[in-house]
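Observations on chain architecture
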Amino acid sequence: MGKSKLKRAKGWDLVFVILNGIFMLAFVVITLYPVINTVAISFNDGIDAVRGGIHLWPREFTLKNYVTVLGKQNIKTAAIVTVARTVIGSALSLATNALLAYVVSRKRFLFKAQVSLFWVITMYVNGGLVPVLLLYKNLHLTNSFWVYVIPGMISAFNMLVMRTYMQGIPDSLEESAALDGAGHFTIFWKIISPLCLPVYATVTLFVAVYQWNSWFDAMLYNRMKDEYTTLQYELMKLLTSVMQQGGNANNMKSVASGSRVTPVTVRSAATVITMLPIICLYPFLQRYFVTGLTIGGVKE
Amino acid sequence: MKLKRVLSVALASAMTLALVACGGSSDASAPAATDSAAKTETAAADNGAASGEIIDFTFFGAMPQAEINDGNEIQEIIAQKTGVRVKETWLTGQTAAEAVGTILASGEYPDLIDAGDASVQMYEADALVAWDDYLDKYPNLKEMYSEEEWNMFRQEDGKIYWANVFCNTYGDPKATGHNDEAFWVQARVLEEAGYPEIETLDEYFDLLEGYYAKHPTLDDGTAVIPYTILCEDWRYFCLENAPEFLDGYPNDGSVIVDKSSGTPTIVDYNTTPTAEMYFKKLNEEYNKGMIDPEFATQTYDEYIAKLSTGAVLGMCDQNWDFNYTIQDVFKSTGLDLQGCNYVPLGLTAEKGQENRWHTYADTLNNSSGIAVTTSCKNPDAAFKFLNDIMDQEIHDLRFWGIEGTDYLVDEEGLYYRTDEMRANCADEAYKASHMCQYSYMPQWLGTSRDGVNAMQPSEQYSEFVNGMAEPLVKVFEAYNAKGYPDLIGSVVEENGPWFPMYSYSNAMTTDTEGGVAWTKIGETKHEWLPKVVMSSNFDGTWADYMKAYDACNPQAFLDEMQVELDRRANL
Amino acid sequence: MSQETSASVKRARKKKNDEYKVKTSMAEVKRQSFLIVTSAIFLVYGFIFYYVPLGGWIMAFENYKPKTGLLHSKWVGLAKFKFLFEDATFIRVIRNTLAMGVLNLVATFFMAILFAILLNEVRTTLIKKGIQTISYMPHFLSWIIVTGILHDALSANGVVNEIIQAFGGTPIMFFSETKYFWPIVAFANVWKETGWNAIIYLAAITSIDPCLYEAASIDGAGRLSKIFHITLPSIRPTIMILLLINVGNVLNAGFEVQYLLGNDVIKSVSDTIDIYVLNWGISQSDFSLGTAAGIFKSVVSIILIVIANNMAKRAGEERLF
């Protein structure tokens, strides 16, 4: 390779870096705007916010929206349940999906195509609200905590993401371990898993966020059980009640006027409150898929 | 038919596995429920308050409402007095039909329920306890309706399963507000025109045009919007149902009931000459630039934001849909002092025609209400509770609060609130921890049993006039009105026993031809009405719309409504 | 040299997929007993939680009423399907759903990959982490917030029209012309989900052996050439798998975005299958109709992924099963 080519490459690199910088800047501005806007509205007086036109900074500052959200009853129970389901749910999902992904990513496995197909189909079919409810009821999952973590435990999507990653790991590692007499579980645990931390972190994040944001299952299966309520369900209830501006024509009574919070501001505060913990958790997982860990050496 | 067989075989095999268990248990639970219900009925009488123990019931309302906290202060007081505490849960993130469908499927009902439009489903599934045996035992319940009115709640088996709790007046009516639909106009527009009598659509738009010509912008330069129309989703009533009122008919919702021939007859208000006149007028005004060019695409939030700037001179809407929010905004921005508050007008198609925009009499909506389910272990205690909370003392606790804390009594025995109390009662946190209205349980409007106060604060005159801005006061003086109904001047008369017909059409399903037609009509109107208003060739677009409308088979819908009307008229 | 690198990356992949044709024999079964038993346990789980509820599909063939339940409701055969396919509106909503599904798929897919690769080219770890954190935040905003902001920005006096006017253009009524709606929906999806979707690709990028980049640098490959010959081929399996999964999802173009952004004027392009089901099924207490539409969607999805999977197989690409 000639020197001139090297130089040309360097020149193009500079152009690339500049263009990339511009792209990233534009991207950050565009994606950050709705987030900042939400934060600004969450600190704004509700009645004032009705007029619209709040962009990056609150116009009439207030903490009332946060007081309303945090003052919701059950919010403590809900927070505990939500943390529990997030931790237990993520752990269970990670363990089972990883094991299943290991099995179907083995190239010698006789039934890998059939087992994969079995799981792929689950992504596209759905029995509907009522049959699922009946099933859970018969399994005694309704009115219990376990309905949050058992039914959705294995998801074909997460499993396939892991499978793809595991297939990219050189077979030689597995083969040499097998020669040393290691069984499948040992290979899975000692050889494959340590190499899969980036994808494990990814799937954990997906599951954790799903668990953190879930509310429909709490509403459907634990409707009358306050002890199993979740954070998002409580916020959802709060929101729908604030939103109720006499919308039901049957109920022609005046809805209390004079309250200074509105759906828009309460929703924003609720969003900020639920977003915060995930953002705090994020750096711990992020190091796996942004800087990455690499097989034998620091990547630059 | 091969496909069918393959499908049914495949499904059947999956089914057997799924449902052997399911079917078994739901069959088993049904008799168990009725069993225990029967048993407790006998034991019920000496249960409850007498023994000093508090019974806890659950309630589900198939509509979104604010939850109250456990240990709510007034709830506890009521529990001490009645021996019953009810834990309320409300609709969240589902439609009423969906929620009730899943509750029925699960077989676990709450003790009490208001299933909204899905009430009939609860009845059909034998999930409700009949009121008949309890009505005579509990006078407060019985008192809610006359014999004829109670009959309207009877289902096919001749029994009563629920009672609607709203719009039911005790003694003299106290209403000073108009919570229904109207054409609204800002007080300052009327003031500038010298408070003229506005009776027709033409006069109404002349009024708006006159003001707009002189004031095309607000002081801050915002362009004035003479008229806007909200037509987002289910709120498109702001556009679609005015023809019914313009012809002088009351709010039957989906149809007009014409009594002129002696036998009440269903008339379709979508195709009347008045409908065409109304949309033609809107089209004309739109092309003149008097109507908000963005009306058809605005969201509800954007609509409210526009109104709250004071730039919109008028619109057609239900009071509850905008006014509570807008009055608050105007008060906090001072726009109320500039005369931005909206005043309702009772327009008609012809000058001098009678109007029925305001419903004076109670609207009895028999399609939904509070019900006791078969899961309730002690139905007698439940009915007793529903009865007890209508006692004046408890009714006052529910709606006024605690004397001295939430309201005061003056020398004449009139209840009133201070500004601080009013602010408290509007505060979400205070309401959740202190106030307990049991808002979907039996209650009264109108005059309290003491003869002077209103049953509910929203109807107390002192609450109505409190803090009213000067321009609004002047409007009331100019038209010599004591409240909003006087401004509209609707005819005072009893509605027929069929009123309101929307209680039937709301519960229609696609099981019947008429139900299918009803849904299709809705879809077609949603699609066409904005087009009609914005058309540059009204007659052509109207003809196209009418063609699309006829294709929905509206006659099937009207026929079913007629059958129901005949049934109700002969009750 | 770079071409060679990419070719070798590809070849290694291909070999892995096709090399192992294992004969079924007792000895092999015994050797794989761990794999077989483990997958069987998961199979039981999957059957109970994903397949058993499909018994509910029977609802689509009857007039389901809560009173009579799944087993005793009136059997109506294919009437519900007939109702759907005889309604011109349903055909129209299928078209809308498909169009938006494909548009969303292409847009979000392309943007996520592009973003992941470009982010990988940012060399300062702190900045890289910062951008990445910001990029996935909109995922946590609900649709109602995002569509609200978008609706504002695109309204007659919103920021976009201000820019258009500043450049001497005439304001555009974005929400009253049918031609803008699908692109707006695609943009909304890209806006909200790009950073989130990119996470999987970022994880895949971390597994690339740095030696490949070093070797390429020594040979004088520029950044673009490294992207095209190392990064892209290396994450190709991930891209393929996600592409296949998403192809099956084109009929799930959604409900909320269209519901929140659509309006009566552009109903003809904004209504999707899910909105149709809400209007005709759920709000009429008709669970059967919704189930019928759901079965239709499932069947189409499965047909689509089987076709796509076979195409991938023939092309020697990564595949689902």
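As the structure is a computational prediction, the values presented were derived from the model and not from experiment.

Cut-off values and rules
Residues numbered from 1 in each chain as written. Chains lettered and ligands numbered in written order. Predicted model: local features only at pLDDT ≥ 70, side-chain atom pairs only at ≥ 80, totals over all residues. Helix = DSSP H or I, 4+ residues; strand = E, 2+ residues; numbered from the N terminus. Buried ≥ 20, exposed ≤ 12 C-beta atoms within 10 Å, placed from the backbone. Contact = placed C-beta atoms within 7 Å. Domains from an automatic or database assignment. Nonpolar A, V, L, I, M, F, W, Y, C, P; charged D, E, K, R; others polar. Core = buried A, V, L, I, M, F, W, Y, C linked by C-beta atoms within 7 Å. Expected span 1.5 Å × (residues − 1). Bend = angle between axes of the 7 residues up to and from the residue. pLDDT = per-residue confidence, 0-100. Pairing = 2+ DSSP bridges. Axes fitted to C-alpha atoms, helices over the stretch in contact; angles between N-to-C directions. Parallel < 35°, antiparallel > 145°, perpendicular 65-115°, else oblique.

**Regarding the overall build of chain B**
A count of helical and extended segments in chain B gives 25 helices and 14 strands. Across its three principal directions, the C-alpha atoms of chain B cover 80 × 75 × 45 Å. Here chain B holds 571 residues, and the buried ones make up 49% of them. Look at the contacts in chain B between residues 6 or more apart in sequence, and 79% of them connect residues 24 or more apart.

**Observations regarding the domain arrangement of chain C**
Residue and element names in this part refer to chain C. Looking at chain C, the domain boundaries give domain 1 (24–77) and domain 2 (80–314). A C-alpha centroid distance of 31 Å is found between domain 1 and domain 2. Taken together, the contacts link eight residues of domain 1 with six residues of domain 2. In the side of domain 1 that touches domain 2, the residues fall into five nonpolar, two polar and one charged.

**Concerning the nonpolar core**
By size, the foremost hydrophobic cluster in this structure holds 298 residues, and its most contacted members are M162 of chain A, V100 and M122 of chain B together with Y201 of chain C. The dominant element in this core, judged by the number of residues it contributes, is helix α10 (residues 178–206) of chain C, at 14 residues. What V100 of chain B contacts, discounting residues up to four positions off in sequence, is A62, A115, A118, Q121 and M122 of chain B. Grouped together as the second largest cluster of nonpolar side chains are nine residues, W400, Y415, W444 and L445 of chain B included.

**Re helix α12 (residues 223–247) of chain C**
Because an α-helix completes one turn every 3.6 residues, residues spaced three or four positions apart along the sequence face the same direction. With 25 residues, α12 of chain C extends only 31 Å from end C-alpha to end C-alpha; this falls clearly short of the ideal 36 Å at 1.5 Å per step. Most pronounced at R236 of chain C, the bend in α12 of chain C amounts to some 50°, and the proline P237 of chain C follows within four residues.

**Section: the interface of chain A and chain C**
The accessible area lost on association of the parts is a frequent measure of interface size. Chain A puts 80 residues into the contact, and the matching count from chain C is 75 residues. Broken down by secondary-structure element, the contributors of at least two residues to the side of chain A that touches chain C are α1 (3–42), α4 (75–105), α5 (112–122), α6 (129–138), α7 (156–167), α9 (184–195), α10 (197–213) and α13 (263–289) of chain A. Element by element, the count of residues in the side of chain A that touches chain C is highest for α1 of chain A, at 18 residues.

**Observations concerning the confidence of the model for chain C**
Residues and elements named next belong to chain C. Confidence along chain C averages 88 in pLDDT terms, with 92% of residues attaining 70 or more. Averaged pLDDT values over the elements of chain C bottom out at 52 in helix α1 (residues 2–19) and peak at 95 in helix α3 (residues 33–51). For this predicted complex, the interface score ipTM comes out at 0.88, while the overall pTM is 0.85.

**A short note on the domain arrangement of chain B**
Residues and elements named next belong to chain B. Domain boundaries assigned for chain B yield domain 1 (44–157 + 365–399) and domain 2 (181–357 + 470–569). Domain 1 and domain 2 are separated by 35 Å when their C-alpha centres are compared. Tallying the contact residues gives seven residues for domain 1 and five residues for domain 2. Broken down by class, the residue content of the side of domain 1 that touches domain 2 amounts to two nonpolar, three polar and two charged.

**Quick word on helix α3 (residues 96–106) of chain B**
All names here are of chain B. Burial analysis of α3 places eleven of its eleven residues in the buried class, which makes it a mostly covered element. Turning to α3, its buried residues are A96, A97, E98, A99, V100, G101, T102, I103, L104, A105 and S106. With its phi angle positive at about 75°, G107 sits one or two positions after the end of α3.

**Some points on the pairing of strand β10 (residues 342–345) of chain B**
Here is the key point about a regular strand: its side chains alternate between the two faces of the sheet. All names here are of chain B. Here β10 shows two buried faces, one formed by Y342 and P344 and the other by V343 and L345. As paired strands, strand β5 (residues 181–186) and β10 are joined by four bridges and run antiparallel to one another. Each residue of the ladder has a partner; that of W184, found in β10, is P344.

**What about the packing of α7 of chain A against α10 of chain A?**
Residues and elements named next belong to chain A. Closest axis-to-axis distance for the α7/α10 pair is 10 Å, and the angle between their directions is 170°. Relative to α10, the element α7 lies roughly antiparallel. Taken together, the residues of α10 that come into contact with α7 (itself represented by N158, V161, M162 and Y165) are V199, T202, V203, F206 and V207. In terms of residue class, the contact of α7 with α10 is made up of seven nonpolar, two polar and no charged.

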